[in-house]
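# Close look at the chain arrangement
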Amino acid sequence: MNKIKRKFKKLISNPQAFIRDSRLVRKVILKNKSPAAITINKKTPITPLKKPSKFEIYINDNGMESAIIIAHFQDCLKGISEIKLNIGQYRLKSNECILTDGDNIELATIIASVENNTIAKGSLLLEVTKNNTFINTSNIIHKVNVSHMKQLGDFNSLYYYYKDRPECTDISKAKYALNAGIYTREIINLSLKVVYDNYLTLHQNDLNLFFRKLYRILGADSKLEQLANKLAQSIRKQVYPVSFIMLLAAFFTEAGEYDKAVEMAKKAKSKDKNAWRNNRFLGLIHLLYSTNEINEEWAKNDSELFKKLSRNEWEFEIYARENNICVIGNGPNELGKKQGTLIDENDNIARFNGAVTEYPFTEDYGRKTNIVIMNPRYYETQRNNKFGLDFIIISDGNLYSSKNLSLKLHDLEQYCENICLIPRKLDIQLTQEIGASPSSGLKFLTWLYKIQGQVKRKNIYGFSMIDQRHGMATSYCKGTRTGLNTIHNWEQEKKYMETIVEC
Amino acid sequence: MLEIDIIIPFRDAVDHLNNICSCLNRQTSNNFTVYFISDHSTDGSIELLKSLDLKFKHTILESLSSGPGAARNTGIENSCGDYICFIDADDKISDDYIEKFSFVATYEQPDIIECMFKAINTDSDVVSKTNLASYISCEDRFDSLISGAVPRLSWGKAYRREHLLRNNARFPDDIYNGEDHIFLLLAYNKTPRVSLIFDFMYFWVRHPNSLTNRTPTEKNIFDFIAVSEAKYKIFTERLNSQDIDDEAHHKNKITFSRRLFKEARSLKNDIIKNSDQHSSLIEALKMKLLASETLSEPMDIIKNDSTSYWSDVIH
């Protein structure tokens with residue numbers, strides 16, 4: 001029975017082999033052939049091997065870290081159909097993998113590392129061990145590495161990886177740089193050129209990206225006026241995402257083009273009745289509420305908040321003029337110095353994000369906190385529920401272009417009446433000055449500088465900056481790299497800081 | 001750098017020696033000595049070798065016994081380098097063959113170094129090649145050789161001389177088919193340290209008239225039984241020395257027996273396809289298998305096995 005089953009399976013799956021190997025069929029064939037023909041065809045010809053259509057990657061499965069790497073490999077290869085991934089127990093070192101196109105073999109090193117159960121940003125995934133001479137394999141490694149950086153959202157590495165490659169175009173260079181948080185003058189000018197020169201041919205997603213990023217860097221600048229008007233025109237004719245239409249409305253609000261702002265907002269609402277509630281830009285909602293376009297309770301609260309934040313910005317400036325403020329950064333450079341008591345002797349102390357004020361860190365960094373400067377993304381900064389603060393200062397967000405900021409601010413109002421934002425103008429100036437999104441620390445120190453003049457060095461602790469790579473941040477309480485999404489340019493920040501802090 | 005000895009056995013290879021000598025002349029490293037071992041050649045091969053302009057150290061010797069295995073053994077006994085490589089006279093190697101083997105030998109000093117191969121026909125089309133997954137598999141190489149997961153080929157490798165001597169790894173005399181199997185089982189028996197080179201550096205040229213491609217005769221059957229018996233002895237000795245439970249013990253024996261009968265079936269099919277006297281040869285194969293006392297246990301296993309091997313070979 002087994003034999004019949006096996007033969008039948010062979011007939012179905014490989015009829016050629018079945019005929020070749022079948023005694024019965026062979027007998028029939030041989031009967032019909034002349035003896036001469038039989039002698040000539042005695043040996044099966046040695047036929048060439050078919051080339052496999054796929055590239056293959058072999059990686060080792062050996063332990064926890066490799067499970068994370070394997071899962072990442074699988075994610076990276078999802079969009080690359082020409083690669084087959086083989087996972088197994090192989091004679092390879094834990095950081096080695098093999099790539100093959102069938103004809104050539106390439107031994108590669110997995111250089112990405114795992115930190116806190118996450119693949120760390122800042123490096124490629126694969127690097128060939130020897131000088132690879134196989135163009136095909138080289139292309140595959142390139143594709144895998146690009147996919148790796150995109151998977152991690154590591155646009156910083158992607159930008160530096162791509163910028164000198166021959167296939168890099170102005171469009172891709174500008175896109176990757178903006179995504180990476182590289183906002184130098186060169187990139188701003190290139191982006192403006194790209195977007196104006198290619199307005200008609202750029203993909204809508206790219207147009208949205210350029211506008212969103214340029215608005216982040218330049219604010220409601222006249223350089224963006226023409227682009228915003230073109231986009232408004234396109235929105236009147238074409239289908240655009242509701243969130244983008246609302247962002248354009250927010251831009252027009254900030255630019256003082258209230259009619260256009262209301263028109264865009266209405267356009268968004270016509271596509272989605274919840275467009276306003278789901279895209280809450282404080283300035284825009286205040287405009288809509290004050291022009292009676294909306295009268296719901298949440299809009300009223302947001303409008304109140306808009307006015308309160310504007311007023312509190314002013315209040316903080318008065319406070320800063322009248323009080324000496326000691327600023328404690330989260331850099332690890334104070335560890336072991338036992339200056340906690342000295343720090344706490346200051347009248348007014350400002351700390352950042354989820355600064356830890358618990359023993360044993362109090363020994364070096366103190367405990368007292370009057371002002372908390374924070375990023376409202378709780379992924380990166382714990383929800384700070386301290387009472388009795390003089391101010392909470394939101395470092396990342398503004399009255400006009402920050403979406404849904406009010407939700408977090410209403411939450412924080414439970415703990416502190418005095419919440420304010422870092423002035424929009426200061427953020428824009430500083431961003432352009434250092435060519436990157438500035439850190440909370442630098443923004444706050446710059447604000448103090450604008451209010452008080454040169455910041456006294458004795459009032460600053462925990463600002464190391466020098467030991468941090470681009471895109472990385474370190475914290476005294478964690479000891480390892482944290483905030484993998486940060487894209488601050490520490491080198492530029494250090495240079496700028498030296499100009500605002502007294503010698 | 002450690003010294004590499006290359007052993008090239010040949011018999012009446014006057015048509016091929018020129019090619020392999022060109023390959024050796026082109027080597028990027030001269031850190032090797034070649035031992036040409038003639039298996040009683042009569043076609044002028046030795047004279048040809050003497051007349052060639054060879055740019056490498058070499059010695060020409062006559063085999064002490066007959067068969068390709070015996071010629072290789074003669075090479076092992078007469079060479080003195082740190083590592084030994086076997087190359088067939090009608091095959092080809094890459095220009096950096098010695099350089100790469102020498103590098104791994106010097107810096108890793110494993111017991112055996114392996115490289116990848118491509119089998120090519122006379123038109124240089126690739127007809128088969130190293131199966132990468134099996135090549136890099138962590139499975140014990142001895143077990144892979146028994147199950148047939150890796151090919152039983154003595155070339156494309158470099159063996160540390162000391163390792164071969166310690167394990168008394170030699171080729172059987174007067175066997176023309178499957179002599180590599182015995183040598184490899186002995187060489188891989190004591191879990192040697194193996195290093196891999198990830199490159200296709202050995203090119204097995206499949207000539208229509210090569211030893212492995214000839215019409216089967218009674219000698220093939222004799223060789224098959226002799227090699228199978230020798231393999232079974234090495235296999236059972238190793239199995240009995242291992243500290244494994246009865247189930248694993250039995251499982252290993254089933255693997256061996258199935259492989260043995262799979263090979264017997266291939267030989268039978270080869271005879272049917274390519275021999276004019278297939279009835280008598282098939283009968284001889286059956287009789288010799290049934291008469292082998294050494295192979296009685298694997299035969300009992302297959303007789304009661306769920307596979308069709310028994311009926312395919314014996315009936």
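Residues numbered from 1 in each chain as written. Chains lettered and ligands numbered in written order. Predicted model: local features only at pLDDT ≥ 70, side-chain atom pairs only at ≥ 80, totals over all residues. Heavy atoms only, no water.

## Considering the pattern of salt bridges
Quick note on the threshold: For this document, the term salt bridge refers to a Lys or Arg side-chain nitrogen within 4 Å of an Asp or Glu carboxyl oxygen. In this text, helices come from DSSP runs of H or I with a minimum length of four residues, and strands from runs of E with a minimum of two, each type numbered from the N-terminal end. Remark: exposure states derive from per-residue accessible area (1.4 Å probe, protein chains only) relative to the maximum for the residue type, with buried under 20%, exposed over 50%, and partly exposed in between.
Summed over the entire model, instances satisfying the criterion amount to 46 salt bridges over all chains. In this structure, K494 of chain A and E498 of chain A form a salt bridge, with 3.1 Å as the shortest nitrogen-oxygen distance. Of this pair, K494 of chain A and E498 of chain A both sit in helix α22 (residues 490–500), separated by four residues, roughly a single helical turn. For E498 of chain A, a relative accessible area of 46% puts it in the partly exposed group. With a closest N to O distance of 2.6 Å, R160 of chain B and D111 of chain B form a salt bridge. Separated by 49 residues along the polypeptide, R160 of chain B in strand β8 (residues 157–160) and D111 of chain B in the loop between α4 (97–108) and β6 (112–121) bring together distant segments of the chain. Comparing R160 of chain B with D111 of chain B, the two get one shared label, buried. A single network of salt bridges, built from pairs that share partners, joins R72, D88, E179 and D180 of chain B.

## Side note on the confidence of the model for chain A
Note the following rule: Residue-level confidence of the predictor is what pLDDT reports, using numbers from 0 through 100. Contacts are assigned to residue pairs that have any heavy atoms within 4.5 Å of one another.
With 84% of its residues at a pLDDT of 70 or more, chain A shows a mean pLDDT of 85. Predicted confidence for residues 480–484 of chain A stays below pLDDT 50, and this span has 19 contacts to residues more than four positions away or in other chains.

## A closer look at the sheet that holds strand β8 (residues 325–328) of chain A
Across a sheet, strands are paired by hydrogen bonds formed along the backbone, either parallel or antiparallel in direction. All names here are of chain A. To keep things clear, this is the line we draw: Strands qualify as paired when DSSP identifies two bridges or more between them.
The sheet built from six strands is open, its strands ordered β12-β11-β10-β9-β8-β13 with parallel pairing. The strands lining the two open edges of the sheet, one partner per strand, are β12 (419–421) and β13 (460–461). Across two bridges, the pairing between β8 and β13 is parallel. Counted as the bridge partner of V327 is I460 from β13.

## A closer look at the side chain of E179 of chain B
Residue and element names in this part refer to chain B. Quick reminder of the rule: For this analysis, a polar contact is any N or O atom pair within 3.5 Å, provided that within protein one partner can donate a hydrogen and the other can accept it, and provided that sequence-adjacent residues contribute only side-chain to side-chain pairs.
Within the secondary structure, E179 sits in helix α8 (residues 179–187). Note on E179: relative accessible area 6%, which makes it buried. Polar side-chain contacts of E179 include one of 3.1 Å to the side chain of R72. Not counting the four nearest positions on each side in its chain, E179 is found in contact with P68, G69, R72, F171, P172 and V227.

## Structural notes on the pairing of strand β1 (residues 55–60) of chain A
In summary, the side chains of a regular strand alternate between the two faces of the sheet. Residues and elements named next belong to chain A. Burial analysis of β1 places six of its six residues in the buried class, the great majority of the element. A two-sided burial pattern is seen for β1, the buried positions comprising F55, I57 and I59 on one face and E56, Y58 and N60 on the other. Where β1 lies against strand β2 (residues 83–88), six bridges are found, and the strand directions are parallel. Residue pairing across strands places I59 opposite I87, the latter belonging to β2. Two strands pair when backbone bridges link them, and β1 and strand β3 (residues 96–100) are joined in this way by four bridges, in the antiparallel orientation. Paired with I59 across the two strands is C97, which belongs to β3.

## Concerning the nonpolar core
Put simply, the rule reads: For the purposes of this section, nonpolar cores are sets of buried Ala, Val, Leu, Ile, Met, Phe, Trp, Tyr and Cys residues that join through side-chain atoms within 4.5 Å.
Within the largest apolar cluster, 65 residues are counted, with the highest numbers of intra-cluster contacts made by I98 of chain A together with I136, F183, F198, F261 and L289 of chain B. Here this core gets eight residues from one element, more than from any other, and that element is helix α9 (residues 218–241) of chain B. Listed in part, the 61 residues of the second largest apolar core include Y159, L190, A249 and F252 of chain A.

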